[in-house]
Amino acid sequence: MTLSLKIEDNAPDPDDPDYVPPANFSKGRRASVSAEPLSMEDDITNDRVIHPKTDEQRKRLQVAVKEILIFKSLDQEQREYVLDAMFEKAVPAGEKVIELGDNGDFFYVVDSGKLDCYIKINGEEKKVLTYDNTGAFGELALMYNTPRAATIIATEECVLWALDRTTFRQLVLLTTMKKRELYEEFLNAIPLLQELESYERMNLADALVTTQYKAGETIIKQGDEADSFFIIEKGTCEVKIKDTFSSQHTNEEVKLTELERGQYFGELALIYKKPRAASVIASTDVSCAVLDIGAFERLLGPCVEIMQRNVSNYESKLTELFGEQLSIDDLRR
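Owing to the predicted nature of the structure, the values given are computational and were not obtained by experimental measurement.

(A) Region of the structure containing the overall build of the chain. In terms of regular secondary structure, the chain is built from 8 helices and 18 strands. Residues classed as buried in the chain amount to 45% of the 333 residues present. Across the chain, contacts joining residues at least 24 apart in sequence account for 78% of those joining residues at least 6 apart. A total of about 17,500 Å² of accessible surface is found on the chain, and carbon and sulfur atoms cover 48% of it.

(B) Expanded view of the sheet that holds strand β9 (residues 151-154). Reading across the sheet, the 4 strands line up as β4-β9-β6-β7 and stay open at both edges, with antiparallel pairing between neighbours. Edge positions in the sheet fall to β4 (96-98) and β7 (124-132), since each has one partner strand and no second. Within the sheet, the average angular offset between the axes of one strand and its neighbour, ignoring direction, is 30°. Note: β4 against β9, 2 bridges, orientation antiparallel. By the bridge assignment for β9, I98 is matched with I152.

(C) Quick peek at the nonpolar core. Counting residues in hydrophobic clusters, the biggest one holds 26 residues, and the most contacted among them are L187, F229 and L300. Look past the residues within four positions of F229 in its chain and what remains in contact with it is L192, Y264, F265, G266, E267, L270, A289, V290, L291, F296, L300 and M307. With 20 residues, the next largest nonpolar core counts I68, F71, V82 and L163 among its residues.

(D) Quick peek at the sheet that holds strand β13 (residues 228-234). A sheet is described by the order of its strands in space; here 4 strands give the open sequence β11-β18-β13-β16, paired in antiparallel fashion. Both edges of this open sheet fall to β11 (209-213) and β16 (264-265), since each of them pairs with a single strand only. In this sheet, strand β18 (residues 286-292) lies alongside β13 in antiparallel orientation, the contact comprising 6 bridges. Each residue of the ladder has a partner; that of I232, found in β18, is C288.

(E) Representation of the packing of aromatic side chains in the model. For the coordinates displayed, the defined rule picks out 10 aromatic pairs. Between F71 and F107 the ring centres are 6.2 Å apart and the planes differ by 40°, which places this aromatic pair in the tilted class. Here F71, found in the loop between α1 (55-65) and α2 (76-85), pairs with F107, found in strand β5 (residues 106-112); they are 36 residues apart in sequence, far enough to count as distant. You'll find F71 and F107 in the same group, each marked buried.

(F) View of the pairing of β9. Pairing of strand β6 (residues 114-121) with β9 involves 4 bridges; the strand directions are antiparallel. Paired with Y118 across the bridge in β9 is T151.

(G) Representation of helix α5 (residues 198-207) within the structure. Among the residues making up α5, those that are buried are E200, R201, L204 and A205. Looking straight down α5, one finds that the buried residues subtend no more than 145° of arc, so they occupy a single side.

(H) Main features of the environment of T236. One can find T236 in the loop between β13 and β14 (237-242). In this structure the side chain of T236 is engaged in a polar contact, spanning 2.8 Å, whose partner is the side chain of S283.

(I) Structural context of the pattern of salt bridges. Counted by the stated rule, this structure contains 12 salt bridges. Notably, a salt bridge pairs E238 with K240, separated by 3.5 Å at the nearest N-O pair. In this structure E238 comes out as buried when scored by relative accessible area, which is 18%. Between E258 and K255 there is a salt bridge, with the nearest N and O atoms lying 3.4 Å from each other. A relative accessible area of 40% places E258 in the partly exposed class. Given a relative accessible area of 41%, K255 falls into the partly exposed group. Overlapping salt bridges bring together E56, R60, E88 and D111 as one network.

(J) Representation of the packing of α1 against α2 in the model. The N-to-C vectors of α1 and α2 enclose an angle of 120°; their axes lie 11 Å apart at closest approach. In this structure, α1 meets α2 at a crossing whose hand is right-handed. The segment α1 lies against α2, with R58, L61, Q62 and V65 engaging E80, L83 and D84. By residue class, the composition of the contact of α1 with α2 is 3 nonpolar, 1 polar and 3 charged.

(K) Here's a closer look at the confidence of the model for the chain. For the chain, the mean per-residue pLDDT works out to 79, and 76% of the residues sit at or above 70. Between residues 17-35, whose pLDDT stays under 50, and residues either more than four places distant or in other chains, the model counts 34 contacts. Confidence drops under pLDDT 50 across residues 37-45; counting only partners more than four residues distant or on other chains, this segment forms 25 contacts.

Criteria and thresholds
- Residues numbered from 1 in each chain as written.
- Predicted model: local features only at pLDDT ≥ 70, side-chain atom pairs only at ≥ 80, totals over all residues.
- Heavy atoms only, no water.
- Helix = DSSP H or I, 4+ residues; strand = E, 2+ residues; numbered from the N terminus.
- Buried < 20%, exposed > 50% of the residue type's maximum accessible area, 1.4 Å probe, protein only.
- Contact = heavy atoms within 4.5 Å.
- Areas by Shrake-Rupley, 256 points an atom, 1.4 Å probe, with all protein chains shown as cover.
- Pairing = 2+ DSSP bridges.
- Axes fitted to C-alpha atoms, helices over the stretch in contact; angles between N-to-C directions.
- Core = buried A, V, L, I, M, F, W, Y, C linked by side-chain atoms within 4.5 Å.
- Phe/Tyr/Trp six-rings, centres within 6.5 Å; stacked < 30°, edge-to-face > 60°.
- Arc of directions from axis to C-beta.
- Polar contact = N/O pair within 3.5 Å; in protein donor to acceptor, adjacent residues only side chain to side chain.
- Salt bridge = Lys/Arg side-chain N within 4 Å of Asp/Glu carboxyl O.
- Left-handed = near helix turned anticlockwise from the far one by under 90°.
- Nonpolar A, V, L, I, M, F, W, Y, C, P; charged D, E, K, R; others polar.
- pLDDT = per-residue confidence, 0-100.

The following block contains the structure:
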């Protein structure tokens with residue numbers, strides 16, 4: 001990735017007659033929208049624009065983007081590039097930030113204030129959503145090269161963070177595409193996922209979030225409610241259960257098995273909608289691809305039958321360990 005730096009002393013105002021928009025940016029209203037296809041051969045070669053920020057601004061921006069989905073696929077370095085390129089924009093009450101049918105020019109993250117979202121229903125614009133000191137909007141027109149699908153109006157004074165079209169497409173969209181490429185080989189090598197079509201694996205790659213764990217850290221804990229599924233990208237983990245079955249009944253954790261790269265865990269609690277049956281602890285520094293419960297149910301339906309077969313494998317290990325026939329449900333009592 002080749003980047004040169006261009007420092008902007010002041011955040012740009014798109015309505016300023018002296019404002020010079022970034023490359024490939026059109027400020028015109030209701031103009032035709034031409035496609036800007038991106039491919040894996042493209043790279044980020046444009047000048048990297050940096051809008052200086054105070055420490056206080058940087059902290060506010062980091063809080064504002066923390067739960068925005070499209071930022072979660074970025075690694076730390078990429079996220080810093082995006083944060084550098086965003087600038088603060090004050091919006092007075094009553095101002096239209098974006099208007100239905102206009103070209104997409106900026107992506108916005110709400111720092112503070114309230115804004116109403118209107119879409120056209122049966123020929124009339126109707127309010128469908130209110131942004132209340134949080135949220136983001138404007139990405140669809142940038143992602144799909146289509147006119148704005150809604151009108152957003154500030155109902156009180158607001159502070160927004162704006163990201164220009166070119167930076168959004170290059171850093172966010174290309175990152176998503178490169179993430180798919182990085183995951184492709186990894187996901188293709190996991191036997192469980194052979195049940196998925198290639199496009200389903202691609203959707204899975206988009207939904208996965210890489211999470212790091214230190215050696216000795218508990219990733220999931222026996223008895224906890226289930227909210228995620230894990231695939232090990234790097235490192236090894238130990239699966240442990242509490243000893244409530246041996247004659248000693250020590251209630252101490254006993255090692256059941258060890259997992260390594262390409263193996264997965266956390267699926268049974270999601271399939272059966274029951275608490276975790278075991279704990280998983282990182283035995284080395286571990287990198288996991290994590291899928292939340294909603295994405296798990298949506299994307300891994302074809303694999304559930306295979307995952308269910310693992311129940312017999314787990315239960316045979318329990319029998320070896322404690323010398324009596326035990327079920328997974330016994331661990332949840």
